[in-house]
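Inside the fold
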Amino acid sequence: MSQNSKGVIMNERTRNLIELDKKYLWHPFTQMADWLATEPVIIESAEGFFLIDTEGRRYIDGVSSLWCNLHGHRVKKIDNAIKAQLQNIAHSTLLGLGQTKSVELAEKLIRIAPGSLTKVFYSDSGATAVEIALKMAFQYCQNLGQKTRKKFIALRASYHGDTLGSVSVGGIETFHSIFRPLLFEAFFVPAPHPYRFDGKSCDCARYTLQKIENILKSGTEEVAAVVLEPLIQGAGGMIVHPQGFLKALRDLTRKHNVILIADEVATGFGRTGRMFACQHEQVEPDIMCLAKGITGGYLPLAATLTTQQIFDAFLGPVAEDKTFYHGHTYTGNALGCAAAAASLELLEENKTIESLPPKIELIKNYLAKITELPFVGDVRQCGMMNGIEIVQDKSTKQSFPRHKTIGVRLCQAMRKEGVMMRPLSDVIVLMPPIAIDLPLLEKLLTIVYDSIKNELPRILKGN
Ligand SMILES: *Cc1c(COP(=O)(O)O)cnc(C)c1O
């Protein structure tokens, strides 16, 4: 019998599964040497807001299964919607063919989306939703005869997915720099957050806007679109933008007749406290990318929403070559659309988004306490999206050396207390399913607080 990290006896089956996992799998965003050297947890099932592993241990799903789960797991309504859909059909193509569920969902999405958006183009991941947005914006300009508009403006530290187009507008050096030779060129401007200015205070929104305007008014008309994660840059470390930045950017892009692409893959479906982040500032983007939470965290589905104006520029006789030649085999998958429609109905029935303010307030109160703890640097919140930065030196906000993997080890300590977390280097991400109840949210926050207070010094001492 072997022992796992908690000292509990591992059953034969778990050991076997771990062995097979290590033999056959290559995990995403994972240094496999570390993976092979440690004892991974293998999830088997779930119940509400808890994940359950093969040893029967339960963990609060503290990061919504990588930011996508909204209502918890095994939710009756979504389960039933998928089962009912299976009675009809699991998948048929949208290439030259219609499908009931994709129609019903599109109508629902347009009803809740910012007013400018009237058309839905489906795909299956956040990366493809962004890829489509970029190609759409580019070809829109080409179709209008604006042949010089071939480039994009993006923010440093932005994350838009891992396909090459999405990586081209991505600004996280650790993830993206190696691929630079494969990418198309983009204009990068600083993220509007003092965090990116070595902690010095600055009028960073104005600075970023100025940089963008300088590019737009150069007279060369090179830019097809500006792409950004509205309000908060998730994977870049939960970087929150100053209020008003998004609105000002919308005004600026309108003024210069440039498309604004809002990547709401992470922020969409209530995560920031409203249905979509753009709605906090009454912004209507020209293109909006949706994925992660769209199915409530059940199935891979994504959507790129756009305006009538962009759609119309693709109309014409086939010989004019205005057609948007893009699609994926599983585009608009019926099971995914059924799950998404049920998830949207649930948001409405349960008034999930309307009931967020007390949860957001509770998190805010705990974050205020957490800020006071040793080794805590910046603490950032945007509704239900939160980042707690762990630093070596509280006064200078100097980070720990990367090889110390403090974030990972702290999250492992939280795991032992029954919370499943995944950090962004040394930023502890706190992003529970938005439907989580207040008592469980408080339990999660208590474990996070206690771990930073008690376990972190222990981890550091062991160094
Ligand atoms: C996660 C994420 C993506 C990529 O989504 P995938 O489904 O993982 O491809 C794109 N943009 C943002 C803002 C994200 O957070």
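Residues numbered from 1 in each chain as written. Predicted model: local features only at pLDDT ≥ 70, side-chain atom pairs only at ≥ 80, totals over all residues. Heavy atoms only, no water.

Some points on unusual backbone geometry
Phi is mostly negative for residues that are not glycine, and the peptide bonds are mostly trans. Let me state the cut-off plainly: Going along the chain from the N terminus, every DSSP run of H or I of four or more residues is numbered as a helix, and every run of E of two or more is numbered as a strand. Burial status follows relative accessibility: with a 1.4 Å probe on protein chains alone, a residue under 20% of its type maximum counts as buried, one over 50% as exposed, and anything between as partly exposed.
Backbone geometry places phenylalanine 269, a non-glycine residue, at a positive phi of 60°. Tracing the chain through its elements places phenylalanine 269 in the loop between β10 (259-263) and β11 (287-290). Judged by relative accessible area, which is 1%, phenylalanine 269 ranks as buried. Located in the positive-phi region is glutamine 282, a residue other than glycine, with phi close to 50°. In this structure, glutamine 282 sits in the loop between β10 and β11.

Side note on the site of the ligand
Here is the rule: Put simply, a residue is near a molecule or strand once any heavy atom of it comes within 4 Å of that molecule or strand. Each polar contact in these results corresponds to two N or O atoms within 3.5 Å; when the atoms are within protein, one needs to be able to donate a hydrogen and the other to accept it, and residues that are neighboring in sequence are counted only if both atoms are side-chain atoms. Gly is put with the polar residues, along with every residue not named as nonpolar or charged; the nonpolar set is Ala, Val, Leu, Ile, Met, Phe, Trp, Tyr, Cys and Pro, and the charged set is Asp, Glu, Lys and Arg.
Every residue lining the ligand is accounted for by Trp67, Ser125, Gly126, Ala127, Tyr159, His160, Gly161, Glu229, Asp263, Val265, Ala266 and Lys292. At 2.8 Å from an oxygen atom of the ligand is found a main-chain nitrogen or oxygen belonging to alanine 127. At 2.6 Å, a side-chain N or O of lysine 292 approaches an oxygen atom of the ligand. The residue makeup of the shell around the ligand, split by class, is five nonpolar, four polar and three charged.

Some thoughts on the sheet that holds strand β3 (residues 58-61)
The condition that has to hold: When DSSP finds at least two bridges between two strands, those strands are taken to pair. Contacts: residue pairs with any heavy atoms within 4.5 Å of one another. Note on geometry: axes are lines fitted to C-alpha atoms, helical ones only across the stretch in contact, with angles between N-to-C directions running from 0 to 180 degrees.
Spatially, four strands are ordered β1-β2-β3-β15 in an open sheet, and the strand pairing comes out mixed. For this open sheet the edge positions go to β1 (43-47) and β15 (419-420), each flanked by a neighbour on one side alone. Alignment of β1 against strand β2 (residues 50-53), held across four bridges, turns out to be antiparallel. By the bridge assignment for β2, isoleucine 43 is matched with aspartate 53. Across the face of the sheet, helix α15 (residues 438-461) comes into contact with β2, β3 and β15 while running at roughly 100° to β3.

Notes on the side chain of serine 123
With respect to the helices and strands, serine 123 occurs in strand β4 (residues 117-123). Since its relative accessible area comes to 1%, serine 123 is described here as buried. There is a polar contact of 2.8 Å between the side chain of serine 123 and the side chain of threonine 128.

Quick word on the packing of helix α13 (residues 357-371) against α15
The relative placement of two packed helices is expressed as an angle between their axes plus a distance between the axes. Selection criterion: Reported orientations rely on four angle classes, namely roughly parallel under 35 degrees, roughly antiparallel over 145, roughly perpendicular from 65 to 115, and oblique for the rest. Here a crossing is taken to be left-handed if its near helix is turned anticlockwise relative to the far helix by less than a right angle, and right-handed if that turn runs clockwise.
Following both chains from N to C, one finds α13 and α15 inclined at 15°, their axes separated by 10 Å at the closest point. Judged by the angle between their axes, α13 and α15 are roughly parallel. Read as a crossing pair, α13 and α15 show a hand that is right-handed. Along the contact surface, α13 presents Pro358, Lys359, Leu362, Ile363, Tyr366, Lys369 and Ile370, while α15 presents Leu438, Leu441, Glu442, Leu445, Thr446, Val448, Tyr449 and Ile452. Across the contact of α13 with α15, the residue classes tally to eleven nonpolar, one polar and three charged.

Points about the domain arrangement of the protein chain
How big an interface is tends to be stated in terms of the accessible area lost upon association of its parts. To keep things clear, this is the line we draw: The start and end points of each domain follow an automatic or database-based domain assignment. By buried area we mean the combined loss of accessible area, with a 1.4 Å probe, across both parts when two parts are placed together.
Partitioning the protein chain into domains gives domain 1 (41-70 + 353-461) and domain 2 (77-349). Inter-centroid distance (C-alpha atoms) of domain 1 to domain 2 is 27 Å. Listed by partner, the interface residues are 27 residues for domain 1 and 26 residues for domain 2. Across the domain 1 to domain 2 interface the summed buried area is about 2,200 Å²; carbon plus sulfur atoms make up 67%. It is Leu70, Ile353 and Met385 in domain 1 that bury the most area against domain 2; as a group they hold 29% of the surface buried on that side. At the surface where domain 1 touches domain 2, the tally comes to nine residue pairs in polar contact (both at pLDDT 80 or more). Breaking the side of domain 1 that touches domain 2 down by element, the ones donating at least two residues are α3 (64-67), β13 (376-382), β14 (385-390) and β16 (427-430).

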